[in-house]
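Summary of structural features
Single-letter residue listing:
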Amino acid sequence: MTASAPTTTLGNNHGKEIILVVDDEASIRRILETRLSMIGYQVITACDGIEALELFKTTQPDLVVLDVMMPKLDGYGVCQELRKESDVPIVMLTALGDVADRITGLELGADDYVVKPFSPKELEARIRCVLRRVDKDNLGGPGLPNSGVIQVGQLKVDTNKRQVFRNDERIRLTGMEFSLLELLVGRSGEPFSRGEILKEVWGYTPERHVDTRVVDVHISRLRSKLEDDPANPELILTARGTGYLFQRIIDGASGDGG
C-alpha cells in the first residue's frame, strides 16, 4: 500500500478546507490535486478504498471525492463505511453507464455524483456547492421562525445547529439531506418540482432527466429517517405531477399531521 505524505502537515493548513480525492487512476489524482489546490483547497489523495479509509481517520477531510471502481475496496464499500461514522460530504465519480449503478452511490449516502469522463470545472462547481450547503454557519432561510427551531408533531428541526430531533433523540442527517429538509420546511405547503429542488439545493439545472434522480433518492432517504411509515409519508408529500412538498405547518410552529 502506498502512503500519502501530506497527512503530517494538515495541522498547518491555515483554515483551508481539506478534500480527500480517492481514485485508482494516477492521472485523475494529479489533475484534481493540481486544480483543487489552485482554487484554495488542501488536497490529499488515496489510490484505493482501504487507503482512503485510513487517511480519512487521520485527516478528517471536509469533503471526499470518491471513485466507484477501485481495487481492494470499491467506492460503494468506502461510502458505506464512512456513513457508519460520519456525515462528511461525498461526491462520487462514476464511469458506469447504467443509471441504476449511478443511483446506488446516492442510496448509500453520497451527496452527489459526476459521470466520467467529466469536466474538472463541473466537479469544482459541484464541490463548491456541496460545501456551501453544508456550511454549519448557513442559517435558516425564508419562512423559518426567528428562533431557528420549528416543531412538527414529535419532530424538531433546529436550523441554527442544523440538527433534527424526534422526542429529544437526534436523527443523523447528512448536510445535503438537512439542506433539502430546510428548503421544504421553510416553505411548507408549497410544492417544488424536482428541477427547482435540484437548482435550490444542489446549485445546478438538470441537463438530463436522470439528474433529477438525485432529488428522488434524497427524498427517499429523508423519509426513511423522518417518517413513521416511509411508504405512506405524512411529512414529506408527493405533489402529483409536480414534485414534493412538506405538509403545511400551522402557525409556523407545528403541524397537525393531516
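Described below are features of the structure shown in this document. (Residues numbered from 1 in each chain as written. Predicted model: local features only at pLDDT ≥ 70, side-chain atom pairs only at ≥ 80, totals over all residues. Heavy atoms only, no water.)

1. Observations concerning the overall build of the protein
Each helix and strand counted, the protein has eight helices and 12 strands in total. Considering the protein as a whole, with its 258 residues, one finds that 51% of them fall into the buried category. Long-range contacts, defined as pairs at least 24 residues apart, comprise 60% of the intrachain contacts of the protein with a sequence gap of at least 6. For the protein, the computed accessible surface area is about 12,200 Å², with 48% contributed by carbon and sulfur atoms. (Helix = DSSP H or I, 4+ residues; strand = E, 2+ residues; numbered from the N terminus. Buried < 20%, exposed > 50% of the residue type's maximum accessible area, 1.4 Å probe, protein only. Contact = heavy atoms within 4.5 Å. Areas by Shrake-Rupley, 256 points an atom, 1.4 Å probe, with all protein chains shown as cover.)

2. Let's talk about helix H6 (residues 175–186)
In this model H6 runs 16 Å from its N-terminal to its C-terminal C-alpha over 12 residues, within 8% of the 16 Å that 1.5 Å per residue would give. Here H6 lies mainly inside the structure; 12 of its 12 residues are buried. (Expected span 1.5 Å × (residues − 1).)

3. Notes on the nonpolar core
Formed by 74 residues in total, the largest nonpolar core has its most connected members in Ile197 and Trp202. Residues contacting Ile197, with those up to four places away along its chain left out, are Leu180, Leu183, Leu184, Phe192, Trp202, Val215 and Tyr244. (Core = buried A, V, L, I, M, F, W, Y, C linked by side-chain atoms within 4.5 Å.)

4. Overview of the sheet that holds strand E12 (residues 243–246)
Strand order in the open sheet formed by three strands is E10-E12-E11, and the pairing between neighbours is antiparallel. Here the strands that pair on one side only, and so sit at the sheet edges, are strand E10 (192–193) and strand E11 (236–239). Where E11 lies against E12, four bridges are found, and the strand directions are antiparallel. For Ala239, the partnering residue across the bridge sits in E12 and is Gly243. Across the sheet, H6 lies against E10, E11 and E12, angled at about 70° from E12, the strand it touches most. (Pairing = 2+ DSSP bridges. Axes fitted to C-alpha atoms, helices over the stretch in contact; angles between N-to-C directions.)

5. Thoughts on the packing of helix H1 (residues 26–38) against helix H5 (residues 120–133)
Packing of H1 against H5 leaves a shortest axis separation of 11 Å and a crossing angle of 55°. Put simply, H1 runs oblique to H5. The handedness of the crossing between H1 and H5 is right-handed. Every residue of H5 that contacts H1 at Ile31, Leu32, Arg35 and Leu36 is listed here: Pro120, Lys121, Leu123, Glu124 and Ile127. A per-class count over the contact of H1 with H5 returns six nonpolar, no polar and three charged. (Parallel < 35°, antiparallel > 145°, perpendicular 65-115°, else oblique. Left-handed = near helix turned anticlockwise from the far one by under 90°. Nonpolar A, V, L, I, M, F, W, Y, C, P; charged D, E, K, R; others polar.)

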